[in-house]
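This is what each chain is made of:
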Amino acid sequence: MIICNKSHIVARVFMKGPCHMAGTGSIQHLSRLLDLFGDDRWLVTIEQVMTELELPRSTAYRTVSALAGAGFLDRVSDEGYSLGPRILQLYRQLQLGDPLLQVARPVCAALAAIAPQGSAVILCRSYFDGVMCVHQERTPGPQEIVSYQIGRPMPLYHGSSSKTVLAVLERPRLLKLYTRDANQIRKAGFGGDREAFLANVKAIQRAGYYVAHGEVDRGRVGISSPFAVKRFGLTGCISIVLSEAAATEENVSRAIIQVSTAAHDTTRRLDAWKPERATVDGEPRSAGRRRSS
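Residues numbered from 1 in each chain as written. Predicted model: local features only at pLDDT ≥ 70, side-chain atom pairs only at ≥ 80, totals over all residues. Heavy atoms only, no water.

Enquirer: Just checking my understanding: could you explain the pattern of salt bridges for this structure?
Expert: Oppositely charged side chains can form a pair if their charged atoms are brought close together. Scanning the entire structure with this criterion turns up 11 salt bridges. Between Arg268 and Asp265 there is a salt bridge, with its nearest N and O atoms 2.3 Å apart. Note that Arg268 and Asp265 are positioned in helix α10 (residues 249-271) at a spacing of 3 residues, about one turn of the helix. Arg268 sits in the partly exposed class, given a relative accessible area of 48%. The exposure class assigned to Asp265 is buried, which follows from its relative accessible area of 17%. Counted as one network, the salt bridges with shared partners bring together Asp129, Arg173, Arg180 and Asp181. (Salt bridge = Lys/Arg side-chain N within 4 Å of Asp/Glu carboxyl O. Helix = DSSP H or I, 4+ residues; strand = E, 2+ residues; numbered from the N terminus. Buried < 20%, exposed > 50% of the residue type's maximum accessible area, 1.4 Å probe, protein only.)

See the structure below:
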């Protein structure tokens, strides 16, 4: 399990921890240090912190000690530090209080209940200049790989989930992305020039969905529909990922209607969301003061 947006969680919470560090520079050091962890790195050493963050040894020790004291890191051995239990605590709080998860989990569960065997239903949201899966439901039956895993950042230009999220971004941001990522967009076959790129995005906007055959995972067909909620400044999508064997014309057509309806329902529910509705696994969570009877 990988925690979503761990650097930003620390930036918000760390000031309340026992180390009492202050200042933008300190928060940047802490965030950059946590970003050293990844799928291929589970332990981080003091030497790596010094080298990759370009910090003197004293500052590296002080930063690591502060994170360990707050529970964000655990010293595993002389080999280095792993992520600590405070991350799990924050993950639970995210599950309890995040409006998107509260609203969309039951929508995804309902989709999974009627999807063909071997399918996955995934909920994604924009994450910096990419996309991140924040929830996933799987149907019974043999499951082929799905690269959109909870907490794993994914690029914007491959796959139905990413492209539908891209399609609801505003034009100024699209232009900035193209200026920066023109070569990447061309390699992805999503536009040989700026006008072709914008036309491809516009086509997804008009359709309200996108179907991708094996763009991310071989043997998988993704069908996605986006949502955008101005109230939260949030963009995302709901997707059904079918096995290639189950991706008949009838099943794909049905999935298009289902994800489009689910995305619309998610938008409607988010617009009406109130903190006191937040629950997870049947456990209530009140985000505000209870009203007196």
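Enquirer: What is the right way to look at the pairing of strand β1 (residues 73-77) in this model?
Expert: Regular strands place their side chains on alternate faces of the sheet. Where β1 meets strand β2 (residues 80-83), 4 bridges bridge the pair, whose relative direction is antiparallel. For Arg75, the partnering residue across the bridge sits in β2 and is Tyr81. Hairpin geometry of β1 and β2 is characterised by an intervening segment of 2 residues between the two adjacent antiparallel strands. (Pairing = 2+ DSSP bridges.)

Enquirer: Is there a simple way to think about the pairing of strand β8 (residues 234-243) in this case?
Expert: When you tally the buried positions in β8, you get 10 out of 10 residues, the bulk of the element. Neither face of β8 is left uncovered, since the one carrying Leu234, Gly236, Ile238, Ile240 and Leu242 and the one carrying Thr235, Cys237, Ser239, Val241 and Ser243 both have all their residues buried. In this sheet, β8 lies alongside strand β3 (residues 120-127) in antiparallel orientation, the contact comprising 6 bridges. Paired with Cys124 across the strands is Cys237, a residue of β8. In the sheet, strand β7 (residues 220-229) pairs with β8 via 10 bridges, with the strands oriented antiparallel. What sits directly across from Ile223, in β8, is Ile240. Two successive antiparallel strands, β7 and β8, enclose a turn made up of 4 residues, where Gly233 displays a positive phi of approximately 60 degrees.

Enquirer: It is not clear to me how the nonpolar core should be interpreted in this structure. Could you clarify?
Expert: In globular proteins that are soluble, nonpolar side chains generally tend to be buried together. Core analysis: the biggest nonpolar cluster contains 29 residues, and Tyr148, Tyr157, Leu166 and Phe197 have the highest contact counts within it. Elements that contribute at least two residues to this core include exactly β3, β4 (130-138), α7 (160-167), α8 (171-187), α9 (194-207), β6 (210-213) and β8. Leu166 has contacts with Leu156, Tyr157, Leu174, Leu177, Phe190, Phe197 and Val201, leaving out every residue within four places of it along the chain. By size, the runner-up hydrophobic cluster in this structure holds 27 residues, among which are Cys108, Ile223, Val259 and Leu270. (Core = buried A, V, L, I, M, F, W, Y, C linked by side-chain atoms within 4.5 Å. Contact = heavy atoms within 4.5 Å.)

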